[in-house]
Amino acid sequence: MPRLFLAWVVLTLAIGAAPAHAITPTDAVTRINALRVQNGLPPLVEDALLSRECQAHARYMALNDGWDEGQAHGETPGRPGYSEGGARAARQSVLAGPAGWTDPHPWVASPEHVRLIMDPELQRTGYGEQDGWTCLQVIKGPRPELAGQVFTFPGPGGVFPEDASALVVYTPNADVTFTDPRLTGPEGAVPITSAAPFLELGAPLARGTTYLAEVDLNYPAADCSRVGAPPVHPPCPDNFAPWCYASLADYVPDWLPAEAAPYDPVLCKAGERPPASPDATVKAQVVPHAWQFTTPGAAAARCAAAVAAPARMKQGLTMRVYVRMCGATRLTAEIFRGSRRLSSRTSRVARFRLSTRSLAPGRYRLRVTVGGTRISRSFTVRV
């Protein structure tokens, strides 16, 4: 069942000014899709019904000098232009006015609006505009096929809009918290704070510049459904044994959520037994994530070697490291305490693990050498 939520509104203070320009629903969706695709986000489909409902609400706003006081996302029965479809659109849309459409879209300066418009789980939308008042539908539904993926805005190689003030990190189907956010440019570190799903900038970014963003994604323990089992939970990672049925008589599941996708039962092979349960639990984990983006006026983001690794970890755990190798065929990873090297390993793949089981609680340094670049990251081992 689609999730309903209260969107936000943007009031453009342009008293006496004409709208920037009016555009059609198809044009609006095309422009937003260009921005989504540029940032590695799945494009949207224009829904004619959603556009008609948004147009009805845009007309309501135009007839009533904007949204109703105390009820921005609604319509009052009896007021000019009221309709059930328009009221429905008001509840599940982002709204703006009275200046009309401005590129790249009217909500670019609001992180909350950007989060809703660029959400990878958003699939269908509709747009309406009347006398400078605009409405864009942002209601989304579950997309289990996106589970386990990480999306960002701006995306890898994307462009950070001039009026924006925060990065957005999306982890579909996962309730993730952020720690240790880092943003680095040619002049060094840029202050940044985290409050999932946002990474809020503490200083303006330079124009025509490439930046490297890094953050630790903290995934809680969660239930998952094995491949071949009823999709009650998000799908388990590939390293979990699949589920099979001893016979077709066992196939009919006791319960499935209404939005669960159809699945094909797999019968066990001769001598094969299914796991003890069709469901499993993915342990809590910290996954580092890093990507590059540019600001307007910059050349396309060049490949720069980078390392993402957790800044804090419990004693006895294994460190997961990701390295952007930029064409290099191998790398060296070393752990130091002070100037003393405690361990070293080489890897031919970008994702690998480092054992820290012998490390006592304290402060350490990870040094990765890839190509001609040497990168250091500090980390803390705690009890």
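Above this note sits the structure.
Read on for an overview of the structure. What you see is a predicted model; the values in this text were computed from it and never measured.

1. Section: the overall build of the protein
No. 1: What the protein contains, in helices and strands, is four helices and 24 strands.
No. 2: Projected onto its principal axes, the C-alpha positions of the protein cover 75 × 65 × 35 Å.
No. 3: Per-residue burial for the protein yields a buried fraction of 44% across its 383 residues.
No. 4: In the structure as shown, the protein presents an accessible area of about 19,300 Å², 54% of it carried by carbon and sulfur atoms.

2. Here's the deal with helix H1 (residues 25-38)
No. 1: Taking 1.5 Å per residue as the helical rise, H1 with its 14 residues ought to reach 20 Å, and the 20 Å between its terminal C-alpha atoms agrees with that figure.
No. 2: Buried within H1 we find Ala28, Val29, Ile32, Asn33, Leu35 and Arg36. In an axial view of H1, the angular spread of the buried residues amounts to 160°, which keeps them on one side of the axis.
No. 3: Considering only its buried residues, H1 is in contact with strand E2 (45-46), helix H4 (111-117), strand E4 (124-125), strand E5 (127-130), strand E6 (133-137) and strand E7 (151-153).
No. 4: In the segment just after H1, Gly40 is the residue with positive phi, at about 75°.

3. A look at the side chain of Gln137
No. 1: Residue position: Gln137 is located in strand E6.
No. 2: Since its relative accessible area comes to 0%, Gln137 is described here as buried.
No. 3: Reaching out from Gln137, the side chain makes a polar contact with the side chain of Gln92 at a distance of 3.0 Å.
No. 4: Not counting residues up to four positions away in its chain, the partners in contact with Gln137 are Leu50, Glu53, Cys54, Ala89, Gln92, Ser93, Leu122, Thr125 and Gly126.

4. Notes on a positive patch on the surface
No. 1: A cluster of like positive charges, contributed by Arg312, Lys314, Arg363 and Arg382, occupies part of the molecular surface.
No. 2: Structurally, Arg363 can be placed in strand E23 (residues 362-370).

5. Observations regarding the nonpolar core
Where a protein is soluble and globular, its nonpolar side chains tend to be buried together.
No. 1: Core analysis: the biggest nonpolar cluster contains 26 residues, and Trp107, Ile117, Met118, Leu136 and Phe153 have the highest contact counts within it.
No. 2: Of all the secondary structure elements, the ones that give two or more residues to this core are H1, strand E3 (93-97), H4, E7 and strand E8 (166-170).
No. 3: Sort the elements by how many residues they give to this core and H1 lands first, with four residues.
No. 4: Excluding residues within four positions of it along the chain, Met118 makes contact with Ile32, Leu35, Arg36, Leu41, His105, Phe153 and Tyr170.

6. Section: the sheet that holds strand E19 (residues 318-324)
No. 1: Spatial ordering of the open sheet is given by E17-E19-E22, a layout of three strands whose pairing is antiparallel. In this open sheet, the two strands that pair with only one neighbour each are strand E17 (306-308) and strand E22 (351-355). Strand-to-strand twist in this sheet, taken as the mean axis angle between neighbours without regard to direction, amounts to 30°.

7. Some points on empty space enclosed by the protein
No. 1: One pass over the full model with this rule turns up one cavity of 30 Å³ or more.
No. 2: In this model, the largest cavity occupies a volume close to 40 Å³.
No. 3: Lining the largest cavity we find Val108, Ala109, Ser110, Pro111, Val114, Phe153, Ala164, Ser165 and Ala166.
No. 4: Considered class by class, the residues forming the lining of the largest cavity number seven nonpolar, two polar and no charged.

8. Focus on the pattern of salt bridges
No. 1: Under the counting rule described, the total for this entry stands at 15 salt bridges.
No. 2: A salt bridge links Arg88 to Glu53; the shortest N-O distance between them is 2.7 Å. Residue Arg88 is found in helix H3 (residues 84-91), and its partner Glu53 is found in helix H2 (residues 48-63); the two are separated by 35 residues along the sequence.
No. 3: In this structure Arg88 comes out as partly exposed when scored by relative accessible area, which is 33%.

9. Regarding the environment of Cys135
No. 1: With respect to the element layout, Cys135 can be found in strand E6.
No. 2: Among the residues examined, Cys135 registers a relative accessible area of 0% and is labelled buried.
No. 3: Once the C-alpha coordinates of Cys135 and Gln92 are considered, the two residues, 43 residues apart in sequence, prove to be 9.6 Å apart.
No. 4: Non-local contacts of Cys135, meaning those with residues more than four positions away in its chain, are made with Cys54, Met61, Ala89, Ser93, Val94, Leu95, Gly126, Tyr127 and Gly128.

The rules behind each value
Residues numbered from 1 in each chain as written. Predicted model: local features only at pLDDT ≥ 70, side-chain atom pairs only at ≥ 80, totals over all residues. Heavy atoms only, no water. Helix = DSSP H or I, 4+ residues; strand = E, 2+ residues; numbered from the N terminus. Buried < 20%, exposed > 50% of the residue type's maximum accessible area, 1.4 Å probe, protein only. Areas by Shrake-Rupley, 256 points an atom, 1.4 Å probe, with all protein chains shown as cover. Expected span 1.5 Å × (residues − 1). Arc of directions from axis to C-beta. Contact = heavy atoms within 4.5 Å. Polar contact = N/O pair within 3.5 Å; in protein donor to acceptor, adjacent residues only side chain to side chain. Patch = residues over 30% accessible without salt bridge, like charges linked within 9 Å, V, L, I, M, F, W, Y side chains within 5 Å. Salt bridge = Lys/Arg side-chain N within 4 Å of Asp/Glu carboxyl O. Lys, Arg positive; Asp, Glu negative; His and termini not counted. Charge placed at Lys NZ, Arg CZ, Asp CG, Glu CD. Core = buried A, V, L, I, M, F, W, Y, C linked by side-chain atoms within 4.5 Å. Pairing = 2+ DSSP bridges. Axes fitted to C-alpha atoms, helices over the stretch in contact; angles between N-to-C directions. 1 Å grid on protein atoms, 1.4 Å probe; cavity = no way out; pocket = protein on both sides within 12 Å on 5 of 7 lines; lining within 4 Å. Points joined across faces, edges and corners; volume = space filled by probe spheres on them. Nonpolar A, V, L, I, M, F, W, Y, C, P; charged D, E, K, R; others polar.

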